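Tertiary structure, described
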Amino acid sequence: MIQEHSKLSAYIFSLIGLLIPFSLVAGPLLPEILILIGTVLIIFNKKLMLDFYLSNKKFIFIFLSFYILIIISSFFSFDQKVSLIKSITYLRFLFLSCIIFLALNNYKFVERLFIAFAIIFTYLFFDSILEYFLNQNL
């Protein structure tokens, strides 16, 4: 399991993990920015990267095998340049899984994530009811 890392980094990863569901409602830009911030924090903190690697060797092996397969298959597509660019960006999902893994180490994160999803689903439910009856979005 992950060794103790600083409370600030645990708080930041928990905050990013809680903000990602809210940002998904707003569109694709905000989650990508949050993932980028988390990725930068992970890359600059070698200890976190090493702990994540040691805890999830099988997952990383399977992910990197799939990632290499995607890149190889993009060479055989009709539009290689576009396909290769889209394939390379899939690496961010490895960092997203690392962010979620680090956030889950905070014991209060799961409770807060449940509350966040409850708020999001309630908002989307009332928005869909409002849109159905009044033809207006929130």
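How each quantity is defined
Residues numbered from 1 in each chain as written. Predicted model: local features only at pLDDT ≥ 70, side-chain atom pairs only at ≥ 80, totals over all residues. Heavy atoms only, no water. Helix = DSSP H or I, 4+ residues; strand = E, 2+ residues; numbered from the N terminus. Rg over C-alpha atoms; globule rule 2.2 N^0.38 Å. pLDDT = per-residue confidence, 0-100. Core = buried A, V, L, I, M, F, W, Y, C linked by side-chain atoms within 4.5 Å. Buried < 20%, exposed > 50% of the residue type's maximum accessible area, 1.4 Å probe, protein only. Contact = heavy atoms within 4.5 Å. Salt bridge = Lys/Arg side-chain N within 4 Å of Asp/Glu carboxyl O. Expected span 1.5 Å × (residues − 1). Phe/Tyr/Trp six-rings, centres within 6.5 Å; stacked < 30°, edge-to-face > 60°. Arc of directions from axis to C-beta.

Our next topic: the overall build of the protein. A count of helical and extended segments in the protein gives 7 helices and 0 strands. For the protein, the N- to C-terminal ordering of α and β elements is α-α-α-α-α-α-α. Relative to the compact-globule value of 14 Å for 138 residues, the protein shows a C-alpha radius of gyration of 18 Å, a clear excess of over 25%. For the protein, the spread of C-alpha atoms along the three principal axes comes to 50 × 50 × 20 Å.

What follows is about the confidence of the model for the protein. Looking at the protein, the pLDDT average stands at 85 and 95% of residues meet or exceed 70. In the model of the protein, helix α3 (residues 46–55) stands out as the element of lowest mean pLDDT, 82, in contrast to helix α4 (residues 57–74), which has the highest, 91.

Attention shifts here to the nonpolar core. One finds Phe-13, Ile-20, Ile-42, Phe-52 and Leu-102 to be the most contacted residues of the largest nonpolar core, which totals 19 residues. Looking at this core, the elements that each hand over two or more residues are α1 (7–26), α2 (29–44), α3, α4 and α6 (92–104). If you tally residues by element for this core, the top one is α6, at 7 residues. Once residues within four sequence positions are removed from consideration, Ile-20 is found in contact with Leu-34, Ile-35 and Leu-96. Residues Leu-18, Phe-109, Leu-113 and Ala-116 belong to the second largest nonpolar core, which totals 5 residues.

Attention shifts here to the pattern of salt bridges. If you walk through the whole model with that rule in mind, you get 1 salt bridge. Glu-32 is paired through a salt bridge with Arg-92; the nearest N and O atoms lie 3.2 Å apart. In this pair, Glu-32 is assigned in helix α2 and Arg-92 in helix α6, connecting sequence segments 60 residues apart.

So, about α6. For an α-helix, 3.6 residues make a turn, and residues three or four places apart therefore share a direction. With 13 residues, α6 should reach 18 Å at 1.5 Å per residue; the first-to-last C-alpha distance of 18 Å fits that figure. When we look at burial in α6, the residues that qualify are Leu-94, Phe-95, Leu-96, Ser-97, Cys-98, Ile-99, Phe-101, Leu-102 and Ala-103. Buried positions along α6 lie against α1, α2, α3, α4 and α7 (109–134).

Turning to the packing of aromatic side chains, a few remarks are in order. By the definition in use, this model includes 7 aromatic pairs. Seen in terms of ring centroids, Phe-117 and Phe-121 are 6.0 Å apart; in terms of plane orientation they differ by 20 degrees. Their pairing is stacked. Of this pair, Phe-117 and Phe-121 are both found in helix α7, 4 residues apart, which corresponds to roughly one turn of the helix. Relative accessible area serves as the criterion here: at 34%, Phe-117 is assigned to the partly exposed category. Consider the rings of Tyr-132 and Phe-133, whose centres lie 5.0 Å apart with planes at 80 degrees: the pair is edge-to-face. Across this residue pair, the class does not change: Tyr-132 and Phe-133 are exposed.

Our focus in this paragraph is the side chain of Ser-23. Relative to the helices and strands, Ser-23 resides in helix α1. If we ignore the near neighbours within four places in the chain, the residues touching Ser-23 are Leu-30, Pro-31 and Leu-34.

Attention now moves to α2. Between its first and last C-alpha, α2 extends 23 Å over 16 residues, near the 22 Å set by a 1.5 Å rise per residue. Looking only at α2, the buried set comprises Pro-31, Leu-34, Ile-35, Gly-38, Thr-39 and Ile-42. Taken around the axis of α2, the buried residues stretch over an arc of 140 degrees, which confines them to a single face. Those residues of α2 that are exposed and angled more than 90 degrees off the buried face are Leu-29, Leu-36 and Phe-44. Contact partners of the buried residues in α2: α1, α3 and α6.

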